[in-house]
Amino acid sequence: CFPEIIAQMMTLRRGWRSASPWRWRRSNHVLAVAAALKRGGIERFDARGLGSSSSRSFSWFSSTEDSRVEDEENLEPREFVGLHLSKIYFQKVLPLEQAYMYDKFHTPSWTEGDFNSKPIVLVLGQYSVGKTTFISHLLGKTYPGSHISPEPTTDRFVAICDGAKERVIPGNAAVMQEGKPFQTLKTYGSQLLNRFECVEVPDSKLLEDLILIDSPGVLSGEKQRIERGYDFSGLVRHWAERSERILLIFDAHKLDISDELKEAILSLKGNEDKIRCVLNKADRVGTQELMRVYGALLWSLGKVVFTPEVMRIFIGSFWDKPYQRTELADLFDAEKKSLMGDIKSLPQNSTIRKINEFAKRLRHVKVHSIVCDSLCNKFTILSMQSREQQQEALLRPEALRQTFSKLAKQHAIHIGDFPDPESFARSIEQLEVKLWEFSRLQTGYVEAMDKLLIDEMPCLFERLGNEATKDDV
């Protein structure tokens, strides 16, 4: 493949001579060739910078990799899917994300660790609702560095993983580990890394298949949010996208949802199917009062989680001590069993969930690219306005709504898949993006995205189905 890459670069060079500097620096061709050189020439290219298609099921392979494909056919389903999703992402999707700054508008780009990681369970809640006690109860023991007290104690994000021995890895060192899904946290700055750590716990059956994320207690008030030093809601969104399950912990005596908790819950939009609520310390109230507490929690959640379905709430007291009130002990035991069953089932469905998350991100990248390309195309040198003035007019909420509506009809995309106009315009302003400097979307990229969703994803599901059939036999 190396001679083909050299020929491709020579072709591009002839085209660069007449191109403006900002256009060829951001060119998708350049990104594609650089990525291919870095990988040692794995991918073949056509004139559009896309990998050339093949008649085989997995079309991102070149014809020189037949022996490697045969070896990969013997991989376990989880390894097979992780490998092929990463190839699709780094060869086809990442160049598009980089060209249109998707990682700046939404969540950071994925790394190898995101494709190979164990299922992640994110635990959220206000301070002193029992998050750390809940995790210790799941593990059957306390983890290094944990501290339980009535006042706010967990002031950092803690990733609890399986390990050969007990140890605490500081955040700056944890994000350097290639085998774990923490590398993208570097984009949130040193303030976060100083408040993040990875804890390894040996001899835990649960951690052999899962990673638990303990979060800082959510506070109320503007002062506490400012003192964090990092974007708490943005980080919650980051973990939510990568998690298999999100557990919202509530105290039966503290049902109020603070401003910061509301903001954090709103940042979970698009991941509502992962959310499970836990009403903790329910053994401290009577039966009649518990009914009122349950109804009040549903009412409070209904104001911040906008879904037609009723939120699933597990009721109980999740610690190792006896129940204070025993009249509902059977209910608490049944709820605890159901929650544990839900958590322990995550590794079985992890591979399917990974494909689902990949397809979701692929659609988001597609929409983001189409929007940026359309806005870039609206600039004209014939206008009496400067480019800055043209951009200001394009980013007006009503103008963006019209643009999104037109693109939705043109590309057969649901209008709900487009970003909120105000949020999109705010991101452009904060990032100081000059829309006219974006490269135009290369011919065939949108079709290639659709092809990945229509052709490649079903092939992976078919592979999983074949493996399941073998296991049944």
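Everything below is about the structure shown above.
First, a word on scope: everything that follows refers to the structure included in this document. (Residues numbered from 1 in each chain as written. Predicted model: local features only at pLDDT ≥ 70, side-chain atom pairs only at ≥ 80, totals over all residues. Heavy atoms only, no water.)

Along its length, the protein carries 20 helices and eight strands. Here the protein, with 473 residues, has 52% of them falling under the buried criterion. Accessible area for the protein stands at about 23300 Å²; split by element, carbon and sulfur atoms hold 51% of it. (Helix = DSSP H or I, 4+ residues; strand = E, 2+ residues; numbered from the N terminus. Buried < 20%, exposed > 50% of the residue type's maximum accessible area, 1.4 Å probe, protein only. Areas by Shrake-Rupley, 256 points an atom, 1.4 Å probe, with all protein chains shown as cover.)

Time to look at unusual backbone geometry. The backbone phi angle of Met101 is positive, close to 55°, even though this residue is not glycine. Turning to its location among the elements, Met101 is positioned in the loop between helix H5 (77-99) and helix H6 (102-105). Residue class for Met101 comes out buried when judged on its relative accessible area of 18%.

What follows is about the pattern of salt bridges. Overall, the coordinates contain 21 salt bridges when judged by the stated rule. For Arg242, the salt bridge identified is with Asp114, shortest N-O distance 3.2 Å. Of this pair, Arg242 sits in helix H12 (residues 232-242) while Asp114 sits in helix H7 (residues 112-116), and the two are 128 residues apart along the sequence. Assigned by exposure class, Arg242 and Asp114 land together as buried. One salt bridge connects Arg353 with Glu244, and the closest N-O pair in it is separated by 3.8 Å. (Salt bridge = Lys/Arg side-chain N within 4 Å of Asp/Glu carboxyl O.)

Attention shifts here to the packing of helix H18 (residues 397-411) against helix H19 (residues 421-431). One way to put it is that H18 packs onto H19 with a least axis distance of 9 Å and a crossing angle of 110°. Regarding the angle of H18 to H19, the classification is roughly perpendicular. Judged by the twist between their axes, the crossing of H18 over H19 is right-handed. Taken together, the residues of H19 that come into contact with H18 (itself represented by Pro397, Leu400, Arg401 and Phe404) are Pro421, Glu422, Phe424 and Ala425. Here the contact of H18 with H19 is built from residues that sort into six nonpolar, no polar and two charged. (Axes fitted to C-alpha atoms, helices over the stretch in contact; angles between N-to-C directions. Parallel < 35°, antiparallel > 145°, perpendicular 65-115°, else oblique. Left-handed = near helix turned anticlockwise from the far one by under 90°. Contact = heavy atoms within 4.5 Å. Nonpolar A, V, L, I, M, F, W, Y, C, P; charged D, E, K, R; others polar.)

Scanning the model with the defined rule gives 18 aromatic pairs in all. Taking 6.2 Å as the distance between ring centres and 70° as the angle between the ring planes, the aromatic pair formed by Phe182 and Trp239 counts as edge-to-face. With Phe182 in the loop between helix H9 (171-174) and helix H10 (190-193) and Trp239 in helix H12, the pair connects residues that are 57 residues apart, well separated along the chain. On the basis of relative accessibility, which here comes to 0%, the residue Trp239 falls in the buried class. Of the aromatic side chains, those joined through ring pairs into one cluster are Tyr89, Phe90, Trp110, Phe115 and Phe358. Geometry around Phe314 places Arg312 over its ring, the cationic atom sitting 4.0 Å from the centre. (Phe/Tyr/Trp six-rings, centres within 6.5 Å; stacked < 30°, edge-to-face > 60°. Lys NZ or Arg CZ within 6 Å of the ring centre and 35° of its normal.)

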